[in-house]
Amino acid sequence: MKFIIIGITDNPEPFFPPEVMEIIQGGKVFSGGKRHHEIVSSLLPADVQWIDITVPLDSVFEQYQIVNRQSIIVFASGDPLFFGFANTIKRKLPEAEIVVYPVFNSLQMLAHRLVMPYHDMRIISLTGRPWPEFDKALIEHSEKIGILTDREHTPAAIARRMLDYCYTNYNMSVGEHLGNHSLEKVTTLSLEEATTCNFDNPNCVLITQKEPSLLCKFGIPDSEFTLLDGREKMITKMPIRLLTLQALELPRHRVFWDIGFCTGSVSIEARLQFPHLHIEAFEIRPECEAIIQDNAHKFGAPGINIHIGDFLETDITTLPRPDAVFIGGHGGHLKEIMAKVLTVLYDDGIIVMNSVKAPKVLTDSHQLWDEACQELRLHQAPPMRIVIDEHHPIEILICKR
C-alpha cells in the first residue's frame, strides 16, 4: 500500500508545485479531514473517491485496506510528520510506502509572523493529549514553548493553568487561521489578558519568558509550606526530604506513589526535581487535600494526582503501576500497606520509609518495618541515620523485592 501525503495550510486557494499538481490530477483515491476537502475539492479530478479522516480511525483504515492496490493521496495540515497523520500511518501500517510533500507547520508559520528564531523552541502538542508534557516544560523553565492546541486545551485554558501554578513570567502569542490570508491573525498579549479571550480554531500558541523564573529552588524551605494545623512536626524536613528522594532512585523510575502525603512536601519536591515522573499521592485525612493543592500551586508543581481516603480501601488496580513508593504515614498498618503495594509494584521497584527514633513513641516503626520486610520477603538496604539540629534521629529505610 502506498500513501502520498501532501501538506497544506489554511489557505483557501492553495498553491502546489507542478510535481504535486501532476500527482493530484492523476489520483483516484483521496483522503483528509472535512476542512481539507473544502480547501482542495476544486483541484480534484472528476469522479474520485474521497475517504474522510474521522474518529474512530479504525474505520478509516478499513476503507484504506479495501483500496490497497491503489495509491492513496492524503491531505494533511502542515508537515505530516510533525505530530501529523503520517505518523499515524507509520504506526498502524508499518510496511506501507509513504511519500511526503510537507509545507511549514503552524508553529513555524507563527514564528515567521513574529520574526522570531525558532531553533530553540520546545514543542508541545496538546491536541488530543493531556497536560503532563506541558507541565514538564513549565517545571523545567523552558524559555520558549510552542504549543499545538485543541478545543479543550485553548489559549485561555493554557494561560489559566500557568497563572494557577504561578508561572507568571511569560507572554503569549496566538496564531489563528495561519496561512489563510483573509482570516489569519496573530495576537501577542499577557497571560491575564489571554484568560478572557476566545480565539478562532485552528490556532496555535507560542509562549516566551519575560524574565527568569522565581520558582526554581533545590530544596524548598519548610517554613514556606502550608502546614497541617500549623504543626511543624507534620512535614518531612527539607534535608531528609532530599535524601529520601535520593534513596528512591527517582531518576531511573517513571511512576512514584506517595502514601500518606500530609502537606505534600515529598510529592511536590519530587515533581519539581524530577518532572518526568507520574505521581499518585494518597492521604486519609480529607483536610490535607486543600493543603497539598495550595502548596502545589504555590511552588509551581502541576500534575500531582490526589487520592483522599484509606489507602487500604482505595482501588489501585486502574492506576499506573509504581516503580518507586514512599510511605509517609501508615497508621499502624504498615505491613498491610506494603503487602498491597507489592500487588502492583514492578519487580525492580523500591519502597522507602522514614522512621523517627523518639523515646516517647510507643510503636517502633523501624521494628514494624523489619517485621514486614521479613514476612513479605523483601531485601533491605542498610538504613541511613540522620540527625538535624535538636530533632530526634531519623532513619531512612529502603527495601526491594
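Thresholds applied
Within any chain, residue numbers begin from 1 and follow the written order of that chain's sequence. Residues qualify for local features only when their pLDDT is at least 70, as the model is predicted, and side-chain atom pairs are given and counted only at 80 or more; totals for whole chains, interfaces and linings, by contrast, use all residues. Only heavy atoms go into the side-chain values, all of them from the structure, while hydrogens and water stay out. Going along the chain from the N terminus, every DSSP run of H or I of four or more residues is numbered as a helix, and every run of E of two or more is numbered as a strand. Given the number of residues in a helix, its expected span is that number minus one, multiplied by 1.5 Å. Accessible area is worked out with a 1.4 Å probe on protein chains only. A residue is then buried under 20% of its type maximum, exposed over 50%, and partly exposed in between. Regarding the arc, it is the one traced by the directions from the helix axis to the C-beta atoms. Any two residues whose heavy atoms approach within 4.5 Å at even a single point are treated as in contact. Pairing between strands is defined by DSSP: at least two bridges between them are needed. Angles here are taken between N-to-C directions and fall from 0 to 180 degrees, while the axes themselves are lines fitted to C-alpha atoms, restricted in helices to the stretch in contact. Here the angle decides the label: under 35 degrees means roughly parallel, over 145 means roughly antiparallel, 65 to 115 means roughly perpendicular, and every other value means oblique. In this classification, Asp, Glu, Lys and Arg are treated as charged, Ala, Val, Leu, Ile, Met, Phe, Trp, Tyr, Cys and Pro as nonpolar, and every other residue, Gly included, as polar. Only the six-membered ring of Trp is used, alongside the rings of Phe and Tyr, when aromatic pairs are assigned; centres must lie within 6.5 Å, and planes under 30 degrees apart are stacked while those over 60 apart are edge-to-face, with the rest tilted. Polar contact is defined as a pair of N or O atoms within 3.5 Å, subject to the rule that within protein one atom must be able to donate a hydrogen and the other to accept it, and that residues adjacent in sequence are counted only when both atoms are side-chain atoms.

Visitor: Help me out: how do you make sense of helix H11 (residues 287-299) in this one?
Guide: Helical geometry: 3.6 residues make up each α-helical turn, so side chains three or four residues apart lie on a common side. Helix length check: H11, at 13 residues, gives a terminal C-alpha distance of 19 Å against a target of 18 Å (1.5 Å per residue), a fit within 8%. Along H11, the residues that are buried comprise Cys288, Ile291, Ile292, Asn295, Ala296 and Phe299. Burial along H11 is one-sided: seen end-on, the buried residues are contained in an arc of 125°. Turning to H11, the residues buried within the fold contact helix H10 (265-273), strand S12 (278-283) and strand S13 (304-308). Of the residues one or two after H11, glycine 300 is the one with positive phi, at around 70°.

Visitor: Please clarify how the pairing of strand S8 (residues 170-176) should be interpreted in this entry.
Guide: Every regular strand shows the same layout, with side chains that alternate between the two sheet faces. The buried count for S8 comes to six of seven residues, which makes it a mostly enclosed element. Across seven bridges, the pairing between S8 and strand S10 (residues 203-209) is antiparallel. Directly across from glutamate 176, in S10, lies its bridge partner asparagine 203. Strand direction decides the pairing type here: S8 and strand S9 (residues 185-190), joined by six bridges, are antiparallel.

Visitor: I'm lost on the sheet that holds S8 in this one. Help?
Guide: With mixed pairing, the five strands of this open sheet are ordered in space as S6-S7-S10-S8-S9. Edge strands, defined here as strands with exactly one partner in the open sheet, are strand S6 (122-125) and S9. When the angles between neighbouring strand axes are averaged without regard to direction, this sheet yields 20°. Examined bridge by bridge, strand S7 (residues 144-148) and S10 share five bridges and lie antiparallel to one another. Each bridged residue has a counterpart across the sheet, and for glycine 146 the counterpart in S10 is leucine 206. Strands S6, S7, S8, S9 and S10 of the sheet are contacted by helix H5 (residues 106-114), whose axis makes an angle of about 55° with S10. Its contacts with the sheet put helix H6 (residues 132-139) on S6, S7, S8 and S10, and the angle it makes with S6 is roughly 150°.

Visitor: How should the sheet that holds strand S15 (residues 350-356) be read in this particular structure?
Guide: Within a sheet, each strand pairs with its neighbour through backbone hydrogen bonds, oriented either parallel or antiparallel. Taken together, the seven strands give an open sheet; going across it, the order is S13-S12-S11-S14-S15-S17-S16, and neighbouring strands pair in mixed fashion. Among the strands making up the open sheet, the edge pair consists of S13 and strand S16 (379-386). Within this sheet the neighbouring strands show an average axis-to-axis angle of 15°, counted without direction. Pairing analysis gives five bridges linking S12 to S13, with the strands arranged parallel. Bridging from a neighbouring strand, glutamate 280 pairs with asparagine 305 of S13. Helix H9 (residues 238-247) contacts strand S14 (324-327), S15, S16 and strand S17 (394-400) of the sheet and is inclined by roughly 15° relative to S17. Taken strand by strand, helix H13 (residues 365-375) contacts S15, S16 and S17, and its axis lies near 155° from that of S15.

Visitor: Sorry if this is basic, but what is going on with the packing of helix H3 (residues 57-66) against helix H4 (residues 85-92) here?
Guide: Between two packed helices, what matters for the description is the angle formed by their axes and the separation of those axes. At a minimum axis separation of 12 Å, H3 and H4 run at an interaxial angle of 75°. Between H3 and H4, the interaxial angle falls into the category roughly perpendicular. Here Leu57, Asp58, Phe61 and Tyr64 of H3 come into contact with H4, specifically with Phe85, Thr88, Ile89 and Lys92. Per-class residue counts for the contact of H3 with H4 are five nonpolar, one polar and two charged.

Visitor: I tried to follow the packing of aromatic side chains on my own but got confused; where do I start?
Guide: The relation between two aromatic rings is expressed through the spacing of the ring centres and the mutual angle of the planes. In total, this model carries 12 aromatic pairs according to the counting rule given. With a centroid separation of 5.3 Å and an interplanar angle of 70°, the aromatic rings of phenylalanine 3 and tyrosine 64 are classed as edge-to-face. With phenylalanine 3 in strand S1 (residues 2-8) and tyrosine 64 in helix H3, this pair connects stretches of sequence that are 61 residues apart. The interplanar angle of 15° and the centroid separation of 6.3 Å between the aromatic rings of tryptophan 50 and phenylalanine 75 together place this pair among those described as stacked. With tryptophan 50 in strand S3 (residues 49-52) and phenylalanine 75 in strand S4 (residues 72-77), the pair connects residues that are 25 residues apart, well separated along the chain. Residue classification places tryptophan 50 among the buried positions, given a relative accessible area of 16%. Put simply, the rings of Phe3, Phe61, Tyr64 and Phe85 pair up and form one aromatic cluster.

Visitor: Whenever I open this one, the environment of threonine 317 confuses me. Can you help?
Guide: Position of threonine 317 among the secondary structure elements: in the loop between S13 and S14. Looking at threonine 317, the relative accessible area reads 65%, which means it is exposed. Between the C-alpha atoms of threonine 317 and proline 132, which are 185 residues apart in sequence, the distance is 21 Å. Here the side chain of threonine 317 touches aspartate 315 through a polar contact of 2.6 Å, side chain to side chain.

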